[in-house]
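A look at the structure
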Amino acid sequence: MTGTPDCRMHYNRNAITVSDMDSSNDSQQYLYSGLIRLHILHHASKEPIFGLGMIEELARHGYRLSPGTLYPIMHGLEKKGLLRSKEQRVGGKIRRVYSATPSGRKALDSAKERVRELFGELFED
Ligand SMILES: [Zn+2]
């Protein structure tokens, strides 16, 4: 064991750490939080999702979120009526699964139009 703090042990400079208190990531979290919400909404519109699965999916895209960061985001989306959740028994465990509501799908559709427009501007030369 060394004196390395826990929060440094898993640090990967190629990944975006959304949850850590490192202040250099504050502006990244600020910029990417909407993208993360859209990403969650996108997957929840395709199939039911659950927290840990979504953490893995976001990690695949380079966003590192802890459960303590992701769950409040999912609860927020549910509170806004964009997601709904129910408990599901998987093996011996109870898991909360989320899916997009009709208004979540509608919100996603209009967000996609805006993303498409932004994408066009960001990559036009
Ligand atoms: Zn994805």
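Calculation notes
- Along each chain, numbering runs from 1 in the same order as the chain's sequence is written.
- In keeping with the predicted nature of the model, local features appear solely for residues at pLDDT of at least 70, side-chain atom pairs appear and are counted solely at 80 or more, and the whole-chain, interface and lining totals rest on all residues.
- Helix and strand definitions here come from DSSP, where helices need a minimum of 4 consecutive H or I residues and strands a minimum of 2 consecutive E residues; each element is numbered from the N-terminal end.
- Three classes are used. A residue is buried when 20 or more other C-beta atoms lie within 10 Å of its own, exposed when 12 or fewer do, and partly exposed in between, with C-beta atoms placed from the backbone.
- Once C-beta atoms have been placed from the backbone, residue pairs whose C-beta atoms lie within 7 Å are recorded as contacts.
- Lines fitted to C-alpha atoms define the axes here, with helix axes fitted over just the stretch in contact, and angles between the N-to-C directions of these axes take values from 0 to 180 degrees.
- Orientation categories follow fixed angle ranges, with anything under 35 degrees roughly parallel, anything over 145 roughly antiparallel, 65 to 115 roughly perpendicular, and all other angles oblique.
- Each crossing gets its handedness from the near helix: less than a right angle anticlockwise from the far helix is left-handed, clockwise is right-handed.
- Note on terminology: a nonpolar core is any set of buried Ala, Val, Leu, Ile, Met, Phe, Trp, Tyr and Cys residues joined through C-beta atoms within 7 Å.
- A residue's pLDDT is the confidence the predictor assigns to it, expressed on a 0 to 100 scale.
- Every helix has an expected span of 1.5 Å times one less than the residues it contains.
- Our arc is simply the arc of the directions from the helix axis toward the C-beta atoms.

**Section: the overall build of the chain**
- Along its length, the chain carries five helices and five strands.
- By the burial criterion, 15% of the 125 residues in the chain qualify as buried.
- For the chain, contacts bridging at least 24 residues in sequence account for 50% of all contacts bridging at least 6.

**Remarks on the packing of helix α2 (residues 26-46) against helix α3 (residues 51-60)**
- Direction vectors running N to C along α2 and α3 enclose 120°, while the axes themselves pass 11 Å from each other. As judged from the angle between their axes, α2 and α3 are oblique. Crossing hand, α2 versus α3: right-handed. Only M54, E57 and L58 of α3 make contact with α2, whose side of the interface consists of I36, H39, I40 and H43.

**So, the nonpolar core**
- Within the largest apolar cluster, 17 residues are counted, with the highest numbers of intra-cluster contacts made by I40, L41, A44, M74, L77, L82 and L83.
- Elements supplying a minimum of two residues to this core: α2, α3, α4 (67-79) and β5 (93-100).
- A total of four residues in this core trace back to one element, the largest contributor, which is α2.
- Leave out the neighbours within four places in its chain, and I40 touches M54, I73, M74 and L77.

**Some thoughts on the confidence of the model for the chain**
- Looking at the chain, the pLDDT average stands at 85 and 80% of residues meet or exceed 70.
- For the stretch residues 1-14, pLDDT sits under 50, and the model shows two contacts to residues farther than four places along the chain or on other chains.

**A short note on α4**
- Its 13 residues give α4 an end-to-end C-alpha distance of 18 Å, which sits within 8% of 18 Å, the value for a rise of 1.5 Å per residue.
- Taken as a whole, α4 has its buried residues at L70, M74 and L77. Summarising the axial view, the buried residues of α4 lie within an arc of 60°, below the 170-degree limit, and thus occupy one face. Counted as exposed and oriented over 90 degrees from the buried face of α4: G68, P72, G76 and K79.
- Looking at the buried side of α4, the elements it contacts are α2, α3, β4 (83-90) and β5.
- At the C-terminal side of α4, G81 shows a positive phi close to 85°.

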